[in-house]
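# Residue-level structural notes
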Amino acid sequence: MAHAGMQMLGFALALIGVIGLIIGTMLPQWKMSAYVGDNIITAVSMYEGLWMSCAFQSTGQMQCKVYDSILQLNSALQATRALMIVSIIVAVAGLGVAVMGMKCTTCGGDDKVKKARISMTGGIIILIGSLCGIVACSWYANDIIKAFYNPFTPVNTKYEFGSAIFIAWAGSFLTIVGGAMLAASCPRKTKSTTPKYPISRPASSKEYV
């Protein structure tokens, strides 16, 4: 029961993490305009995401524009896009594999050892997907930091972290925790106390009819 509870908790955390990865990937607030120096105009806030850039006005109106061409994007944005998509696909595939190996399901048959190995394999796949998400977020964050502290970057084009990158980070960490719990839920083999060979009974020394 302890292993079943760990599997269910790990699956729930991984599922929440995948949802966070999907939401973070879709949101346009990966970076937002930073008000530093003389850039104190707050009437319009600029946001940039993986798929579009948006301008949010103080009146509550938001105007977004999808990026016209992939080739015009910088290498960090292209790599982040690819890694986030790979992270979501791999993590979802890992969740599907983990479901087959969980003790509360009957998809993988009745063999407990086989199901445990399937669950462990699903956890490892989820770990790979979550690592892709962490690398993607860290890569994009490093690009924001480098541009922010670059003295040649104009003040009105400096950006800081947006809410979407934190959501994607949180989703990645939840996914890696859930995947680790699924990968560690495989029970250890216990030594059998029953003898491997049947005990031969000694023949009676006197046999009479």
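Structure first, text after, so check above.
Keep in mind that this is a model prediction, so the values were computed, not measured.

The rules behind each value
- Residues numbered from 1 in each chain as written.
- Predicted model: local features only at pLDDT ≥ 70, side-chain atom pairs only at ≥ 80, totals over all residues.
- Heavy atoms only, no water.
- Disulfide = S-S within 2.5 Å.
- Helix = DSSP H or I, 4+ residues; strand = E, 2+ residues; numbered from the N terminus.
- Buried < 20%, exposed > 50% of the residue type's maximum accessible area, 1.4 Å probe, protein only.
- Patch = residues over 30% accessible without salt bridge, like charges linked within 9 Å, V, L, I, M, F, W, Y side chains within 5 Å.
- Areas by Shrake-Rupley, 256 points an atom, 1.4 Å probe, with all protein chains shown as cover.
- Salt bridge = Lys/Arg side-chain N within 4 Å of Asp/Glu carboxyl O.
- Phe/Tyr/Trp six-rings, centres within 6.5 Å; stacked < 30°, edge-to-face > 60°.
- Lys NZ or Arg CZ within 6 Å of the ring centre and 35° of its normal.

### Considering the state of the cysteines
As enumerated under the stated definition, the model contains one disulfide in all. A disulfide bridge connects Cys-54 with Cys-64, and the sulfur atoms are separated by 2.0 Å. In this structure the cystine formed by Cys-54 and Cys-64 twists about its S-S bond by roughly 110 degrees; its chirality is therefore right-handed. Taken together, the positions of Cys-54 in strand β3 (residues 52-57) and Cys-64 in strand β4 (residues 62-66) put the pair 10 residues apart, joining distant regions of the chain. Assessed through its relative accessible area of 2%, Cys-54 is described here as buried.

### What to know about a nonpolar patch on the surface
A surface patch of nonpolar side chains, about 240 Å² in accessible area, is lined by Leu-15, Ile-19 and Ile-23. Along the chain, Leu-15 falls in helix α1 (residues 2-26). Judged by its relative accessible area of 37%, Leu-15 falls in the partly exposed class.

### Re the packing of aromatic side chains
Two numbers describe a pair of aromatic rings. These are the distance of the centres and the angle of the planes. If you walk through the whole model with that rule in mind, you get five aromatic pairs. Seen from their ring centres, Phe-161 and Phe-166 are 6.0 Å apart, and the 80 degrees between their planes marks the pair as edge-to-face. Looking at Phe-161, the relative accessible area reads 27%, which means it is partly exposed. Judged by its relative accessible area of 45%, Phe-166 is partly exposed. Put simply, the rings of Phe-161, Phe-166 and Trp-169 touch in pairs and so form one group of aromatic residues. The ring of Tyr-159 carries the charged tip of Lys-31 above its face, separated from the ring centre by 4.9 Å. Its guanidinium or amino end placed over the ring of Phe-148, Lys-158 lies 5.4 Å from that ring's centre, counting from NZ or CZ.

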